[in-house]
Structure formats: C-alpha cells, structure tokens
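# What the coordinates show
Next come the chains, spelled out residue by residue.
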Amino acid sequence: MLYHEYLLLKILLNSNSLLGIDQIVAQLETTKRTAYSVINGVNVWLETHGLDPLMVVRTHGYYIQPAEIKKVKSWLSWDLENGKIKLPPPARIAVIEFTLLCKKNPVTLQYLNDLNGVTTRTTRSDLAQVKAEIEKRNLTLSLHEHGYQITGLEEESRKFAVQKLANIQDTIVYDKIAGYLDLDTKDKLQIEQMLLSLEQNSGCYLTDESIFQVKEYICFAITRYRQGHYLTPIGQTQRQLADESSETSTAVRSLLSHLGVSGQHLQAESQLLLKIIDSRQISKTSKKISSQKISQIATEIIRNFSVISGIDLVNSSNLQKALTTHLIAAKRRVEDNVQFLNSSLINVKSKYPEIYFLTKKAVYPFEQYLNQSLTTDEIELIAIYFGGEIELRNHLADQEARKKVVLVCGSGVGTSRLLKIQLEQLFPKQLQISVVTKQDYEELASLNADVVIATLPVTSKGPPIININRILTDYDLQTIKQSLLAQPIDSATLHNSPAVKTTQVLDIVSEFAQVKDFPGLTTALQSYFAKRGKPVKKKQPFLPSLSELLPSNRIVFTTKRCTWPEAVELAGKLLQRDQVIDGQYVTKMRQQIDRYGPYMRIMDDVMLLHAKPDQPCKYSRPGMSLVCFKYPVDFGQQVKAKYVFSLYAPAGQSHLKALTQLTEIFSKQKLLEQFRNSRTAAELDCLFSTVMKGDEKVSDAANNAGASSTEC
C-alpha cells in the first residue's frame, strides 16, 4: 500500500461525516487527479482483503461501510506492523531512530529491513541519515556484533526524542512506534491528572501539541529508565532549588515515583521533566502569572518590527497577547537551556528570509532581557507570529476588495456546477461568489450582495442584476468587466482556458448522455485541456529591491531648517510627485506621529515614516523616498533625525526585501559609514544598488566600495 492510500484510510476512519473530493484533496495536499488515483488504490486494497469498496454519495463524498470499520482498522494495523506500507524517507528515518532508542538490545539490519519493508541498501542509506542527525546532539550510532544502537549521554537521547516527538503527532510515524511508548491505562491516567494539576497550579496552560509531547516523553523516559538508561545527576540552579518544594515539583516527583523511578534517580529525572514541561509552547496564562515585564517586551518587539518593516502592527491587541504568551515559554526554554529545535518543520529562514531577518532585528529587547542570543529556531517561531499577522491582514484586505456576487443558475448539468468555478478563474481576486437556484433566490427576503449575476430572469432585490448566457460570450464578459473591474479582459484568452472548454464540452455531453461520474469526467477534461495548452509557469512574488523602491530622483539633500511636520510633508511630496501616494497619505503619516510620538525611529538619526494605506487598489505601487537634512529635524521626545525615509506599502510583502537591505546597511559598520558619508543621491543610489539581502552576508562590492560614486 502506498503512503497516501494509508493516509486516506486513516482520514476516513477518523471522520464522522462524508468526505468530499475537495476535502480529500486538501487533507492529502495533492491534486484532484491524484486524489482520484488514491481512491482507486484504496478500493484495490479493500478488495484484496475481501472488503467492500469505499461508499460514495454523489456530490456529498466518500465513507467506509460502518460494519467494516473494525476489519479495516485490523488489516491496516497488520500491514503497518509488517512493513507493508511504503513510508516516505523522513518517516522511515524517524521510525528507525525511535526503534534504536526504545529497543533494549541492539537492532539487526534485517529487523529494520522488515520493519519498514525496504531493501538492505535503502536501510543502510537511512542509517546514514540517522547517524548525521544524532551526531548533532553528540550521540553516536554504534554497530555491535548483534546490531545497531544509539549511545551517548542519556540527557541528550531524551532531548533528541523530545525534538522528534514535536513532529510526529497524528502521523504514520506515531502509528508505527506507538507500541514502544505504551504504558498501563492506570499509568496514563496518572500522567493526565499530573499535567492537569500542573497547569492549574502554574497558571500556564499547554497547547494540545505540547500535551502530546509531554505525555509521550514521559512514556519514552520510563521505557528508557526500565531498560537501565539513567540520567547523570547534575547541579541545580537557584531557581530549581527554590522550586524544589513547590507543588509542581512535588507533583512531578510523586508521578515518577509511582511509575517506578527510585529515590536515587528521582532528582535527575524530575529536573529534566520539569525543564521539558516548562519549555513547551503554552496556549494561555492565568491572571496570577506575573508577565508585565514580558508584556512590555512583546510590545517593544512589535513596535520594532513595525518600524523596520513599515507595516503598522502596533495596534494589534491579539498579536500582543499571543506574543506575550509565547515569550513566557521562550524565556523558560532559554533559562533551562532547552531551546526549541524544530527547524526542519518550520524553516522560516529559507522560506521567508525577509520576515526572518526583520524579526531577528526586532527581538533585540528580549535577548537583552535574557542576556543571551536566541537560536535560529526560536527566532523562526517568533517570525511565524509576524508572518501570520501579515497574511491575515492581506487576506482581510483581499476579502474587503472583492465584490460579493450571488450567482443565480438553473439546474442544468455543467452550467450550474462549473459557471461559478469559471467566473472565479476568470476573476480570481475580484469576486466572492455564492450560487443559489432561482427558487431559493426568489424566496430570499433580503440579499447581502454587491451584484447579482443570473442565467435567467430574476426579480430585483436591490443590487444590480447582470444577465448572462449559460455559456459565457464575449458580450457577457465585457458586461461583467464594465460592471465590476477596472482592467480589460482578454476574452480570446479566457475562452481558451481549460475551465471554459470543460464547461462547453460538459454542457454538450449532458444533453446526449448520462454521466455517472461527473467529478471524475470534469477532472479528466480539465487535465486534458490543460496539457494541450502551453505550460504556464507559476509566478513567484515580485520583491523589488531597495534601489527599485527608492530611485535616485526620490533622494534629496537639503540645507533648509525644517520642523518635523515640514519634514514629513517634504518626504511625502517626493512620493506624491510620482503618483505613488496622494496628499491624504501624507496627512496620515503626520497624524501617526501626532498620536504615538516619534516611534518610527530606526536608529538615532534615522526615521522611517509610514502609515496604513486607505486606497491600496487605487495606489497599488509600493515606493520610498529619502530626505537628507544638514540640520537635524526635532521630532520631540529628544528624538532628532538627519535622514527621513518615507515608505508606502499598499499590501502584501513586496517592500520587505527593500527594508531587509536597508536594515542590513544600518547593521554593518562599514556600510553605515558609507551611508553617512554620502553627499549626493548618486552615491546613495550606488550603495543601495550593491547591498544584498541576507542574514549575515553582503556583496563584496558593497563591502569594498568607498564613499565615492565613481566606484560603482
């Protein structure tokens, strides 16, 4: 059985309702065509074991015969235990790691072959990956006469297991290794009660993922302990000594004692377990948790990120609360040296380098408070909060910008199902479409919509009505375009799309034939027409550089003495002149300072002015300007600036690359000196053109360039 087939069966077994094809596609994270192939594979597997195929209710979805669920679970479990499921490489490696850690005796190569259902060559390759992973934690893959073992400090083995447990909840890996971590029902109940007691006493409530990790770690630790793997006693910190008699410590020691840990090992085991519990992510804290200082630091981090990113997040109370809660757990991790390690799962640094880099600069107050630098993984976790907030705002902005459309159709096969998809593909960012029948439409007392599109005559209920044909014509497209859009539509191109061709064919076919598998036929036709068309490369988001957002004609040097409102006006007019913004945006930048003070200071003499755009659709092009003053501008509160940047960022993250480069300049002493020594727009433009985006590296040209623009 293939991995996706196993995954689909697990999804169906755990679902208490029918699963439609779109839900299956989303959960398998695959294409619709592949999803149908997986369904066929599942049916072949069911037939092989003498079971009925998946039941399907047209337009509603798939399910397993209730009478056969028990048999399906049994056969699925047997196949998994006997290596009949083809695991992807990362899953195989994790299974090997837990097997080596949980088995008392060395594990033979043949045992691992049978465990994962692979050849000796594949297992040897997997073992090489295991060796590379565990060596990062100073552990060793040892080959004995009777097989393989993982050896090294027991605490490192435990921490490595915690790291791996963070990735396997609800996965095939956990299904495969669950037997290694199995304790008696009474013991599991004791663990549940202890964790509940800890949460109530500490006021810190763990996330569901953290609860899973702690519970499974305890099972893993007890398994290791019973095999004779003991922790080395270590000295206690002042905080640990103070907590020795606390309710939390007492509850942990009581649990471990109940699970069979002897008195001589109790201290070391309880210390490590408390560290792991304290280092887990928390979902909320009670009022008795004193977090005023952490809350202030969270506010400062958000303000820093807002300043250097140009995205106004300072008023987000939800972000402030979430980040405060996160920092409480992060503080414990750093203090106990159990920092979060999960980069392979998150990987923000490589996927979203701009957000990571700006977060790295923004978290300085927290690092200063801890007197310690954060690991890449900890910074990535914080970056997720900012990335999520940005995506949420972009999504809300997109939703607000879309027109709400009620599509009224008859019951014709093809048109009634695909016209909505067709319109969404033709106008992907302009329309929110809901489909109703004529009967349902006429029964509506009121209508929450901007426009009604109908394929047949309907009664007016307020919003304008656009009547179209069952198969879109050029005239229909022009009518919709004139009513909804500002951009012209290339109707010839649109009518050649796979969705349009599929609709046309289905309408013809449905007039002369009965279609038994309508979704399957739809998918096959769309795939066919897509293949016949020219391949379309997925466009990557365009991230303009600093020199592109800030051309030399928007860099000005002035010897005029200015008040701060005049400085804002001057910087804003450079953008207004190029029609990047209007006068209203300049007013908003001034109001930001009036309301919040000069918080937009990047460094001692540099300001980055920005505000939330009001008309991102009308003014959709990001841009920057820079005014260099001979005489520093007094912004109040002892803040003076010689360099005033103005930023307009209408939506998305298109400006983040440019600000990452700007932050890079201000972070490197040589580049900063070159910036301050520049006396012309050409010299600054040279600097902005050569600096590279990155975490620690800049181009050699930027490092070696002098102040003179002739070196460009």
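Structure first, text after, so check above.
Described in the following lines is the structure provided in the data block. Not measured: the values here are computed from a predicted model. (Residues numbered from 1 in each chain as written. Predicted model: local features only at pLDDT ≥ 70, side-chain atom pairs only at ≥ 80, totals over all residues. Heavy atoms only, no water.)

Looking now at the sheet that holds strand E8 (residues 431–437). Working definition: the strands of a sheet are paired by backbone hydrogen bonds and lie parallel or antiparallel to each other. Pairing is parallel in the open sheet, where 4 strands are placed in the order E8-E7-E9-E10. Of all strands in the sheet, those with a lone pairing partner are E8 and strand E10 (465–467), marking the two edges. Direction aside, neighbouring strands of the sheet carry axes that sit 25 degrees apart on average. Here strand E7 (residues 403–409) runs beside E8; their pairing, made up of 7 bridges, is parallel. By the bridge assignment for E8, Lys403 is matched with Leu431. (Pairing = 2+ DSSP bridges. Helix = DSSP H or I, 4+ residues; strand = E, 2+ residues; numbered from the N terminus. Axes fitted to C-alpha atoms, helices over the stretch in contact; angles between N-to-C directions.)

Our focus in this paragraph is the packing of aromatic side chains. For the coordinates displayed, the defined rule picks out 12 aromatic pairs. Relative to Phe212, the ring of Tyr174 lies with its centre 5.3 Å away and its plane at 75 degrees, an arrangement referred to as edge-to-face. With Tyr174 in helix H9 (residues 172–177) and Phe212 in helix H11 (residues 208–226), this pair connects stretches of sequence that are 38 residues apart. Neither residue differs from the other here; Tyr174 and Phe212 are each classed as buried. Seen in terms of ring centroids, Tyr596 and Tyr599 are 5.8 Å apart; in terms of plane orientation they differ by 85 degrees. Their pairing is edge-to-face. We classify Tyr596 as partly exposed; its relative accessible area is 28%. Here the aromatic cluster, defined as three or more aromatic residues joined through ring pairs, consists of Tyr643, Phe645, Phe666 and Phe675. (Phe/Tyr/Trp six-rings, centres within 6.5 Å; stacked < 30°, edge-to-face > 60°. Buried < 20%, exposed > 50% of the residue type's maximum accessible area, 1.4 Å probe, protein only.)

Moving on, we come to the pairing of strand E9 (residues 451–454). Neither face of E9 is exposed, since Val451 and Ile453 on one face and Val452 and Ala454 on the opposite face are all buried. Strand direction decides the pairing type here: E7 and E9, joined by 4 bridges, are parallel. Paired with Val408 across the two strands is Ala454, which belongs to E9. Strand direction decides the pairing type here: E9 and E10, joined by 3 bridges, are parallel. Paired with Val452 across the strands is Ile465, a residue of E10.

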